[in-house]
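Fold and geometry: a report
Listed below, chain by chain, are the residues.
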Amino acid sequence: MMTEDDVRRLALALPETAERAMYGTPAFYVRGKWFARMREEGDLLVLPVPSEEHKHELLTAEPATFTTTPHYDGHAIVLVRLAAVDPGELGELLAEAWRLRAPKGLAAATEPADGHGRG
């Protein structure tokens, strides 16, 4: 099971990432834009995804890992159950969320050598 400390370690390993509170819980930012935050429950991670279509695909394909609440209806944001995600997938999800929120120049400078990110 992944923990808040695992999220912190993986998120802070990404370039120009900082941690500060959002709604009283740990959140992670790249140049002032949030890309991940812990929910109050402590076992859910809030992440932006590329689109609402992608969100729907994740919710349908992996309902044990991904969930949402009515609060996030209409937003390209998912909740990740830390108990159901493995370290590799969590790292990929955080990196994808980071790329979505990072300035284009910074994201391009850190793109994998093969030019492909997750999904």
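Computed from a prediction, not measured in an experiment: that's the story for all the values here. (Residues numbered from 1 in each chain as written. Predicted model: local features only at pLDDT ≥ 70, side-chain atom pairs only at ≥ 80, totals over all residues. Heavy atoms only, no water.)

Points about the overall build of the protein chain
In terms of helices and strands, the protein chain carries four helices and six strands. Secondary structure elements in the protein chain, listed N-terminal to C-terminal, are α-β-β-β-β-α-β-β-α-α. A compact globule built from 119 residues should have a C-alpha radius of gyration of about 14 Å, and the protein chain, at 13 Å, falls within 12% of that. Considered along the principal axes of its C-alpha atoms, the protein chain spans approximately 35 × 30 × 25 Å. Counting across all 119 residues of the protein chain, residues that qualify as buried make up 43%. (Helix = DSSP H or I, 4+ residues; strand = E, 2+ residues; numbered from the N terminus. Rg over C-alpha atoms; globule rule 2.2 N^0.38 Å. Buried < 20%, exposed > 50% of the residue type's maximum accessible area, 1.4 Å probe, protein only.)

A look at the pairing of strand 1 (residues 17–22)
Bridge analysis of strand 1 against strand 2 (residues 25–30) gives six bridges, and the strand direction is antiparallel. Bridge pairing in strand 2 links Thr17 to Val30. Hairpin geometry of strand 1 and strand 2 is characterised by an intervening segment of two residues between the two adjacent antiparallel strands and by a positive phi of about 55 degrees at Tyr23. (Pairing = 2+ DSSP bridges.)

Regarding the pattern of salt bridges
The full count for this structure, using the stated rule, is seven salt bridges. The salt bridge involving Glu4 is made with Arg8; its shortest N-O contact spans 3.0 Å. Pair noted here: Glu4 and Arg8 are both in helix 1 (residues 4–12), with a separation of four residues, about one helical turn. Given a relative accessible area of 29%, Glu4 falls into the partly exposed group. Between Asp6 and Arg9 there is a salt bridge, with the nearest N and O atoms lying 3.5 Å from each other. Here the residue Asp6 and the residue Arg9 both occupy positions in helix 1, the gap between them amounting to three residues, near one helical turn. What you see here is one network of salt bridges that share partners, running through Glu4, Asp5, Arg8 and Glu19. (Salt bridge = Lys/Arg side-chain N within 4 Å of Asp/Glu carboxyl O.)

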